[in-house]
Structure formats: C-alpha cells, structure tokens
Amino acid sequence: MISSYLTQAQLRVNANLISAELEKLEHYLAHTSLPETRWQYQIPELGEGGACSLFGYLQDEPFNLADFINKDSNTKLAQLQSIVNYVHAQTGVDWYGIYQSTDTDEGKQLLKLAYHGVPSRPLFPLTEAFAAGSNNVQVALSQKGRIINNVGKYLAQGGEYYTCDPKVKSEVCLPLFNAQNECVGIIDAEAFDNDFFDDKVLAILIACCIKIPHSLV
C-alpha cells in the first residue's frame, strides 16, 4: 500500500516512517470524536484570469458544498475535517486542504471539501490550460507529487507559480488514489517557512493521503 503510493506518486520518502505515522493516524481517528461538519465557508474574490485568489478580499456569499455533494455525506466530511485537524496539530502547517475530483456543470473540477487556514478558492478546473498556473491541477492531472521547499528560489530558477498569499514559502501537493489506483483528488499544504516539508512532515502527509480516499464523498 505505502510502496505502491510512493511509486505511483513518484516520491522518495522512507516507507517505515510513513508506516509509523499511518499507525498514529489510525489510532487518533479511532479514539477522537468527529468535529462539526463545515458545509459552508468563505471564499475570496478571484484575481485576473481567475487563476489566483485576491488575497484579503472575500465574496459576500459563502460557498455551499451542498450544491455539489449530497447531504448524506455529513459523516465523511467530518472524517475529512478530523484528518485536517490532525495534520495541523502534528505539523503546525499554516494551510492544508483536501480536494476531490468532482463533476460539475462546468466540467470536472477539484472541489475543496475540508481545510485549515485562510479562505481560498473552492474549485479548480481540471484542464491542461489551468494546470500551467496551478500546482493543484498539475498534480491531479500528472498524478505525481510536487514538493517546493523554497518558493523564492523556485521562482528565481524560472519555475511557474501563482503567488496568492505572499507569506507562503513552501508548498506540497500530493495526489489521492482510490483502490483502482485512479487519481481521485489531491491534498495541498502550505507553510510560511522555507524547508518546512522534511521527511517527518512528508510522512505524516503521505499517511493521510493513504487514509483520505476512504472518506471521500
């Protein structure tokens, strides 16, 4: 299970470390009450071209998940939020979100189901054109993990990156796979420090990636 994930996502992280973190995660989920489900959340205005949020400017109306998923998904959403809370408690990451590939009236998109941190856009079109400026979409389409531990250096070397929150110094996007090894979503994690995502933090994130698909809606 772990080795299969690492191979498919093209990541090199110690499998034993991930196994230990997966055991801790499962113990936490088995012994912790589910948090309150968040069916609505505030979202920012979109910037030029819609590829990035206008940081600090929120839309008047909250985003409603019930417009995209069935209300019967309440328990699964709570399970996902529990994983989000765990990641934040264990790592101190500044932003973390779980997204699922979802069919919408505008085509297939990544839908944000649960998160910790400042408001951010709820939907990402799963298109090659949008992937050019979105780590989330690029990872979802390529099915390969992406680790940027120094955004400034990455940009200086010519990397493509949309800077929404200027405080973000490190980012990791990882794919989520179902039992058929199909990419069904991604996780996105951001930190305000360089070199934040060491092997320990990556092991926690990957352990969660292995567990999350069981609770997708």
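My aim in this report is to walk through the structure given alongside it, one point at a time. (Residues numbered from 1 in each chain as written. Predicted model: local features only at pLDDT ≥ 70, side-chain atom pairs only at ≥ 80, totals over all residues. Heavy atoms only, no water.)

A few points about the overall build of the protein chain
Within the protein chain, the regular secondary structure consists of seven helices and 10 strands. Here the C-alpha radius of gyration of the protein chain, 16 Å, is about what a compact globule of 217 residues would show, namely 17 Å. Principal-axis analysis of the C-alpha atoms places the extent of the protein chain at approximately 45 × 45 × 30 Å. Taking all 217 residues of the protein chain together, the buried fraction comes to 50%. In the protein chain, the share of contacts with a sequence separation of at least 24, taken over all contacts with a separation of at least 6, comes to 61%. About 10,600 Å² of surface is accessible on the protein chain, with carbon and sulfur atoms providing 47% of the total. Distance from the positive charge centre (15 side chains) to the negative charge centre (25 side chains) of the protein chain: 6 Å. (Helix = DSSP H or I, 4+ residues; strand = E, 2+ residues; numbered from the N terminus. Rg over C-alpha atoms; globule rule 2.2 N^0.38 Å. Buried < 20%, exposed > 50% of the residue type's maximum accessible area, 1.4 Å probe, protein only. Contact = heavy atoms within 4.5 Å. Areas by Shrake-Rupley, 256 points an atom, 1.4 Å probe, with all protein chains shown as cover. Lys, Arg positive; Asp, Glu negative; His and termini not counted. Charge placed at Lys NZ, Arg CZ, Asp CG, Glu CD.)

Comments concerning the side chain of Glu190
Structurally, the position occupied by Glu190 is in strand 10 (residues 183-191). Although Glu190 is buried, it makes no salt bridge; Lys167 carries the closest opposite charge, 9.3 Å away. Ignoring anything within four residues of it in the chain, the contact list for Glu190 reads Val93, Asp94, Trp95, Val168, Ser170, Glu171 and Phe197. (Salt bridge = Lys/Arg side-chain N within 4 Å of Asp/Glu carboxyl O.)

Remarks on the pattern of salt bridges
Summed over all chains, the structure comprises four salt bridges. When the shortest N-O distance is used, the salt bridge between Glu26 and Lys211 registers 3.5 Å. Residue Glu26 is found in helix 2 (residues 15-31), and its partner Lys211 is found in helix 7 (residues 199-211); the two are separated by 185 residues along the sequence. By relative accessible area, Glu26 is classed as partly exposed at 35%. Three or more residues joined by partner-sharing salt bridges are found here, namely Glu21, Lys24 and Lys200.

Comments concerning the sheet that holds strand 8 (residues 146-148)
Pairing within the open sheet is antiparallel, and its six strands lie in the order 7-6-5-10-9-8. The open sheet is flanked by strand 7 (123-125) and strand 8, the only strands paired with a single partner. Within the sheet, the average angular offset between the axes of one strand and its neighbour, ignoring direction, is 20 degrees. Relative to strand 10, strand 9 (residues 170-177) is paired through eight bridges, and the arrangement is antiparallel. (Pairing = 2+ DSSP bridges. Axes fitted to C-alpha atoms, helices over the stretch in contact; angles between N-to-C directions.)

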